[in-house]
Amino acid sequence: MKKLKFLIPLAIFLGLAGFLLVGLGLNPREVPSPLIGKPAPAFELPRLDDPTQKVRKEDLLGKVWMLNVWASWCAACRDEHPYLVEMAKRKIVPIYGLDYKDTRAAGQQTLSRFGDPYVASLFDADGRVGIDWGVYGVPETFIIDKAGVIRMKHIGPLTPEVIRDKIEPLVRQLNG
Amino acid sequence: MVSAVFHAFQPTKPRLFGHGHVANPRDTHGYRCGLRLALTKNPSVLFVLSSMKHCTRWIVILTLALLAGWAQAKEAVPAAEDPALEARMLRIATELRCLVCQNQTIADSHAELAVDLRNQVKEMLKRGDSDQMIIDYMTARYGDFVLYRPPVKATTLVLWFGPAVLLLGGLVTLYVVLRRRSRLSPDEFEPDPDDEGAAVGAASDAPARTRTSGPHD
């Protein structure tokens, strides 16, 4: 036992290296949302394409739906846009958009140019609803269950892997 | 995840740093002053300036104009309509982390989200909400991560007391080692170099002394 004493510093070093290695793999930008497992914040917003029509949280109760926060000025939203369009085509889950701190014209132009995957896009001009949902960057994506509870949040652009491995199974389970 | 790096945080928004509104009324006044100065670039004005008699007059006029602008700017300094409210808002904002640029507080950051959240804090203060209500509002949306001083709870125990425990552990180890050593008989230690030198020096002569004194000086 006494002879192995010289290994103690090595063990401490390895432990520290282990922690640092795990830390390297973490993304400090991904702040876990406290809203997961909680009822989605209430909102009442006009549609992007029709200011007279309002969408409220209560309108969406009873079905599993996805909220995708996007904006015409957001470059990373362009990256995920084709995947959203494909998701809409495959009818995986109804997608609602939240056009965050945008102008109506620019938002509509983006959708007409790149395709509109949204059942409806809600127009959040001042970003107030975004704050309620804890949005701190765009794009962000939420999955909301039939009871109106947030079940998942994805920060950053969606990828085919995230859609296949996380969103699709979760939606199936929630609908199941 | 690499893709998350591309997460478009708000700083990518082009109009981010040039907010649509003028943040500080002084800016507009400065601009007006600039316009007044620009008049001197007009050739006809320069011509007038070339005549000495007119020059003094123009200098007086321009100086007065500048002073007027300066006086106006001075008046405009209290940008906030209520300095006490502003101070209270800033005090709360320095406790909150900006999620876009994570090493800054909401008070320091120019990110658009930070501006929005500062306005939100101000609005809530105007409404008469307590500091704690505002902190709760923020943590409900962004989690404990927004707090520069996270609350003490089971998951943050290591964070709060880890350093103290490590320091204490180090001190205890040091104490134990020193105590054990002080109880050992002098024979257990290697002889002190100086003692050794003295002993050798006493028994022998100069060459031994140079050997011991060399590397230790």
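Preceding this paragraph is the structure being described.
Residues numbered from 1 in each chain as written. Chains lettered and ligands numbered in written order. Predicted model: local features only at pLDDT ≥ 70, side-chain atom pairs only at ≥ 80, totals over all residues. Heavy atoms only, no water.

S.K.: Hey, could you run me through the state of the cysteines in this one?
M.R.: Cysteine pairs can be covalently joined through their sulfur atoms, and such a bond is termed a disulfide. Within the structure shown, the criterion is met by 1 disulfide over all chains. The disulfide partner of Cys74 of chain A is Cys77 of chain A, and the gap between their sulfur atoms is 2.2 Å. The disulfide joining Cys74 of chain A to Cys77 of chain A has a torsion of about 95° about its S-S bond and is therefore right-handed. Looking at Cys74 of chain A, the relative accessible area reads 1%, which means it is buried. The exposure class of Cys77 of chain A is buried, given its relative accessible area of 6%. No disulfide involves Cys98 of chain B; its sulfur sits 3.2 Å from the nearest other cysteine sulfur, which is in Cys101 of chain B. Here Cys98 of chain B falls in the buried class, since its relative accessible area comes to 1%. Relative accessible area serves as the criterion here: at 21%, Cys101 of chain B is assigned to the partly exposed category. (Disulfide = S-S within 2.5 Å. Buried < 20%, exposed > 50% of the residue type's maximum accessible area, 1.4 Å probe, protein only.)

S.K.: Would you take a moment to explain the packing of aromatic side chains for this structure?
M.R.: Aromatic ring pairs are described here by two measures, namely the spacing of the ring centres and the angle between the planes. Across all of its chains, the model carries 6 aromatic pairs over all chains by this definition. The interplanar angle of 55° and the centroid separation of 6.1 Å between the aromatic rings of Phe43 of chain A and Trp133 of chain A together place this pair among those described as tilted. Of this pair, Phe43 of chain A sits in the loop between α1 (7-25) and β1 (44-46) while Trp133 of chain A is found in the loop between α4 (128-132) and β6 (140-144), placing the two residues 90 residues apart along the sequence. Here the aromatic rings of Trp70 of chain A and Tyr118 of chain A are separated by 5.6 Å at their centres, their planes lie at 15°, and the arrangement is stacked. Residue Trp70 of chain A is located in strand β3 (residues 65-70), and its partner Tyr118 of chain A is located in the loop between α3 (104-114) and β5 (120-124); the two are separated by 48 residues in the primary sequence. Of the two residues, Trp70 of chain A and Tyr118 of chain A, both sit in the buried class. The ring of Phe145 of chain B has Arg97 of chain B sitting right over it, with the charged end atom 4.7 Å from the ring centre. (Phe/Tyr/Trp six-rings, centres within 6.5 Å; stacked < 30°, edge-to-face > 60°. Helix = DSSP H or I, 4+ residues; strand = E, 2+ residues; numbered from the N terminus. Lys NZ or Arg CZ within 6 Å of the ring centre and 35° of its normal.)

S.K.: Help me out: how do you make sense of the pattern of salt bridges in this one?
M.R.: Between side chains of opposite charge, a pair can form as their charged atoms come close. All names here are of chain A. In this structure the tally under the stated criterion is 18 salt bridges over all chains. A salt bridge links Glu58 to Arg56, with the nearest nitrogen and oxygen atoms 3.7 Å apart. On the accessibility criterion, Glu58 (42% relative accessible area) is partly exposed. When its relative accessible area of 35% is taken as the criterion, Arg56 is described as partly exposed. Residue Arg90 is joined to Glu168 by a salt bridge in which the shortest nitrogen-to-oxygen separation is 3.2 Å. Of this pair, Arg90 sits in helix α2 (residues 75-90) while Glu168 is found in helix α5 (residues 160-175), placing the two residues 78 residues apart along the sequence. Each of the salt bridges in this network shares a partner with another, and the network as a whole consists of Arg56, Glu58 and Asp59. (Salt bridge = Lys/Arg side-chain N within 4 Å of Asp/Glu carboxyl O.)

S.K.: Would you explain the side chain of His81 of chain A in this entry?
M.R.: All names here are of chain A. Here His81 is to be found in helix α2. The exposure class assigned to His81 is buried, which follows from its relative accessible area of 8%. Side-chain polar atoms of His81 contact the backbone oxygen of Gly115, separated by 2.6 Å. Apart from residues no more than four positions distant in its own chain, His81 is found in contact with Leu111, Phe114, Gly115 and Pro117. (Polar contact = N/O pair within 3.5 Å; in protein donor to acceptor, adjacent residues only side chain to side chain. Contact = heavy atoms within 4.5 Å.)

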